[in-house]
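# Geometric and topological summary
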Amino acid sequence: MRFLLFVMLVASALRAAAQLPSGPGMITGTLTDSTTAKPVPFATVSLQTPDGKLITGVNTDDQGAFRLAPVAVGSYKLALTFVGYRTKAIENVVITAEKPVLALGTIALVADSKTLGEVNVVGQKPLIEDKGDRLVYNAEQDATNTGGTAADVLRKVPMLTVDLDGNLKMRGSGNIKVLVNGKPSSIMARNLADALKQMPANSIKSVEVITSPGAKYDAEGSAGVINIVTKKALKGTNGTVNATGGDLNRSLGGNINVKGKKLGLALSVNGYQYRNIGENTSIRTALTDGQPTSILRQTNARDNTGTGGYGEMSLDYDPDTTNRINFSANAWGGNFPMNSQITSRLTDPAGAVLQEFRRDVQFRNPYGNTEFNLGWTKTFKKPGQEFSVLTQYARMPDNYYYTIRQMTMQSEVPTYLERSTNLSRNNEYTYQTDYTHPFTARTKHDTLSFKLEAGAKMIRRDIGSEFVIEQALSGLEADYAIDPARTNAFTYNQRVTSGYTSVKIDSKRKWNLSAGIRLEQTRIQGDFMTAQSQFSNQYQNLIPSASIAKTFREKHTIKAAYTQRISRPLIWFLNPFQNYSDPKNVQTGNPFLNPELTHATELSYSTFGKEGASFNAAVFWRQTNNSIEWLSTVDANGVAFTSPRNIGRNASYGTNLNVSLKPNKDFTIGTGAELTYIDLTSVALNQRTNGWVWNLSPNASYKLPKDLTLQATGFVGSGWISLQSRNSGWYYYGISAKKEFMNKNASLTLNVNNPFNRTVRVTSEQFAPSFTAQSTSAFVNRSVRLTFSYKFGQMSSGGKQSKKITNDDSRR
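Cut-offs applied
- Residues numbered from 1 in each chain as written.
- Predicted model: local features only at pLDDT ≥ 70, side-chain atom pairs only at ≥ 80, totals over all residues.
- Heavy atoms only, no water.
- Helix = DSSP H or I, 4+ residues; strand = E, 2+ residues; numbered from the N terminus.
- Buried < 20%, exposed > 50% of the residue type's maximum accessible area, 1.4 Å probe, protein only.
- Contact = heavy atoms within 4.5 Å.
- Areas by Shrake-Rupley, 256 points an atom, 1.4 Å probe, with all protein chains shown as cover.
- Phe/Tyr/Trp six-rings, centres within 6.5 Å; stacked < 30°, edge-to-face > 60°.
- Lys NZ or Arg CZ within 6 Å of the ring centre and 35° of its normal.
- Core = buried A, V, L, I, M, F, W, Y, C linked by side-chain atoms within 4.5 Å.
- Salt bridge = Lys/Arg side-chain N within 4 Å of Asp/Glu carboxyl O.
- Pairing = 2+ DSSP bridges.
- Axes fitted to C-alpha atoms, helices over the stretch in contact; angles between N-to-C directions.
- pLDDT = per-residue confidence, 0-100.
- Polar contact = N/O pair within 3.5 Å; in protein donor to acceptor, adjacent residues only side chain to side chain.

Counting secondary structure elements, the protein contains 5 helices and 47 strands. Split into buried and exposed, the 812 residues of the protein put 51% on the buried side. The contacts of the protein with a sequence gap of at least 6 include a subset with a gap of at least 24, amounting to 67%. In the structure as shown, the protein presents an accessible area of about 36900 Å², 58% of it carried by carbon and sulfur atoms.

Right, here's the structure in full:
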């Protein structure tokens, strides 16, 4: 019996072996999209008998290329399949002894005309994805974001922390470049904390965290680059409408997209409101030679609602399958008030009152931004080969007005009046060209895919600021007069010229190597016209970058990367406008700042499971020279003057990990964690601060029957460390329920944040040779909001993405 079974197994094996394509032959080719000529990666290529029986098969690589070998002499049929494309069959594929190698060249696949509404989607993107050169947080998969702001979204992104005032950091550093759809956003560069509160979360598709940008990126952002990807439509006519009502957030917006074979038009408009409620109490002791000279006690209460909106129009024209001309225009605008009531009490060390008053501050910040892009992109028959010429013009007026009424604690009659006007503008012109050339090379044991990239870029920025401060020492409006010591006109011109080259190598054995170099030259000229004072500066930077990665067993990847980064000061940091709205805390920019230069190294490991589980961990080291920090000094009258300065060295060492588990198809749970040691040193100021910071961010999602989804998210962290301060930890948590109906075209989402705590309190300690201080800040964080969303029209696969300028150092 055993012998008979053995004979049957051998016979079966021989029959199977007879069907395998053994022999000297080989079949090669490359699959591309028939419309865009772009490669179609990871498609299935099946080798079949002439009557359709499967013999073997392979998948195309990330350049759309495939290689079938060995193949015996004979006649075959090829079947080419991929989701979103029509299956293509190639008959009479013949391998002969005289011609054993058959090169089919470029094979075009035609997009399937079926609409997405006819496809039953059974899969879902994980919340966190590791894509090798970046970590991706898929915001549209997280229902707790619905109806919120970009700040709510970024709080849940691995490696990022956003405090309750909207300040963003990556791995302990606040020097980050934030892009929107791979290009700069003027509103993000103007004041990032405010901008994150004003961008609706409903418009965000995903957030990409790039810790080691390559040479193609501008060398800006010492900690790395964050790219916020907004939702876009595919081919067809479609749109969405969203409306949110809540106690802290309200918004109304929508978009419509029309995409044909050659012409595409997209329009979107959104209006929003954001309410900011909080208070601050502080005690600051001024020091002279280490001895107290005065003590200042202050309270600051605020309740403000900012209103704004934005609109965008893009037009794409494809005269043929290898050319695209694109034009886009967008505009942001609004008014973000920062009104407050400040009480101040200054005493000597014995407690005698030196000064006591109350100030009502009306602070307006009407802002706007317009941006225009025009570009041409040329693709070639060779998949991945591309040439582009891009241009951009951006204009950003950014104005500040404040009016102050100062009174005694016992009276409502003003004893002092002050008003200020700061008119600032920023005109930016950018020209860029890029070329990409792919090719392959085969060795005896491996196949290598190369991608060479080269490009050049020029950015011109013309910036101006005129500020006037008037005061009435008598408290009467008729006595307003200009204060010449605090009035000036300032112009600032910056020219950045750069070029880069890089190479990326991928092998069949799952090795990946990237290396590049970028040369940037910066020229700066500044002019205080009223004071008749000028300054100029220029410098060159050679920025290398390199990374190497190896994938084992298809799902385990180890990567090591190194890059240098340069950070030019933000315009917000350079503007010499002096904000005297609180006379005991004066803020101003510093036009004489030098750029930061950062060395960054990381080693990471990632893996994933077929059921949706994933794990990513990294250790990193980052050192920034000429680090920019906001520093304060306090004079004998108890007045703090705060401005950004180049302090010296900022070093960070740490690790971060992200885990996602999927116990079943309906339940997902995950967490992110980070531990960083920060060491800040200033030889000039004779100060050093160091210590550990950490944070933990869990999340969970559960899908119930009848299209109902429950989600929960949270954050807890140890706080910040800077050269002159330490802040306490804080936390938040939120839950949401999302119900889809009308064939999933409509949805209602309820979000509740911090339901059991109306406010979150953060304490801070500050220390410097001229003062010590303690403060407590309370932020109203409990909120509820309800969002209705409706989508209409149909979408189908197809089309290609337009390229636009990416000023990674925009307005810095």
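We now examine the packing of aromatic side chains. Enumeration over the complete set of coordinates arrives at 16 aromatic pairs. Where Trp376 meets Phe387, the ring centres are 5.9 Å apart and the plane angle is 75 degrees; that geometry is what we call edge-to-face. Highlighted residues: Trp376 in strand β23 (residues 366-379) and Phe387 in strand β24 (residues 386-395), separated in sequence by 11 residues. An aromatic cluster is defined as three or more aromatic residues linked by ring pairs; in this entry it consists of Phe363, Tyr400 and Tyr402. The positively charged end of Lys378 is found above the aromatic ring belonging to Phe380, 5.9 Å away from the centroid. The ring of Phe552 has Lys550 lying over it, and the distance from NZ or CZ to the ring centre is 5.5 Å.

We now examine the nonpolar core. In this structure, Ile27, Leu31, Tyr76 and Leu78 are the most contacted members of the largest nonpolar core, which totals 21 residues. For Ile27, the contacting residues outside a window of four places in its chain are Leu47, Phe66, Arg67, Leu68, Val71, Leu78, Val93, Ile95, Leu102 and Leu104. Counting residues in hydrophobic clusters, the runner-up holds 17 residues, among them Tyr137, Val178, Val209 and Ile226.

Our focus in this paragraph is the pattern of salt bridges. Counted according to the given criterion, the structure contains 16 salt bridges. Linking Asp462 and Arg495 is a salt bridge whose minimum nitrogen-to-oxygen distance equals 3.4 Å. Taken together, the residues span a long stretch of sequence, with Asp462 in strand β27 (residues 447-472) and Arg495 in strand β29 (residues 488-507) at a distance of 33 residues. Here Arg495 falls in the partly exposed class, since its relative accessible area comes to 28%.

The mixed open sheet is built from 3 strands, whose spatial order is β4-β1-β7. At either end of the open sheet lies a strand with only one pairing partner, and these are β4 (65-71) and β7 (101-109). Taking the axes of each pair of neighbouring strands and ignoring which way they run, one obtains an average angle of 15 degrees across the sheet. Judged from the 5 bridges that link them, strand β1 (residues 25-33) and β4 form a sheet pairing that is antiparallel. If you follow Thr30 over to β4, its bridge partner there is Ala65.

The sheet built from 4 strands is open, its strands ordered β3-β2-β5-β6 with antiparallel pairing. The open sheet is flanked by β3 (54-59) and β6 (88-95), the only strands paired with a single partner. Adjacent strand axes in the sheet meet at a mean angle of 25 degrees, parallel and antiparallel pairs treated alike. Across 6 bridges, the pairing between strand β5 (residues 74-81) and β6 is antiparallel. Its bridge partner being in β6, Ser75 is matched across the sheet by Val94.

Another aspect to go through is unusual backbone geometry. Of note, Asp707 is a non-glycine position whose phi angle comes to about 55 degrees, a positive value. Within the fold, Asp707 resides in the loop between β39 (687-704) and β40 (708-717). With a relative accessible area of 34%, Asp707 lands in the partly exposed category. Residue Met742 is not a glycine yet carries a positive backbone phi of 55 degrees. Summarising the element assignment, Met742 is placed in the loop between β43 (730-741) and β44 (746-753).

In this section: the environment of Thr285. Here Thr285 lies in strand β18 (residues 263-288). Judged by its relative accessible area of 15%, Thr285 is buried. Those residues within four positions of Thr285 in sequence are excluded, and the remaining contacts are Pro292, Ser294, Ile295, Ser770, Phe771 and Thr772.

Another point: the confidence of the model for the protein. Summarising the model, the protein shows a mean pLDDT of 81, and 83% of its residues fall at 70 or more. A low-confidence stretch, residues 1-22 stays under pLDDT 50, and its non-local contacts, those more than four residues away or across chains, total 11 contacts. For residues 113-123, every residue scores under 50 in pLDDT, and the model assigns this stretch 8 contacts once sequence neighbours within four places are set aside.

Moving on: the side chain of Gln432. Tracing the backbone shows Gln432 in strand β26 (residues 416-442). At 3.5 Å, the side chain of Gln432 and the side chain of Lys457 are in polar contact.

What follows is about the pairing of strand β22 (residues 353-364). Bridge analysis of strand β21 (residues 340-347) against β22 gives 8 bridges, and the strand direction is antiparallel. By the bridge assignment for β22, Ile342 is matched with Arg359. Here β21 folds back onto β22, and the loop between the two strands holds 5 residues, one of which, Gly351, carries a positive phi near 105 degrees. Sheet analysis places β22 next to strand β25 (residues 398-407), joined by 7 bridges and oriented antiparallel. Across the sheet, Arg358 pairs through a bridge with Met407, a residue of β25.

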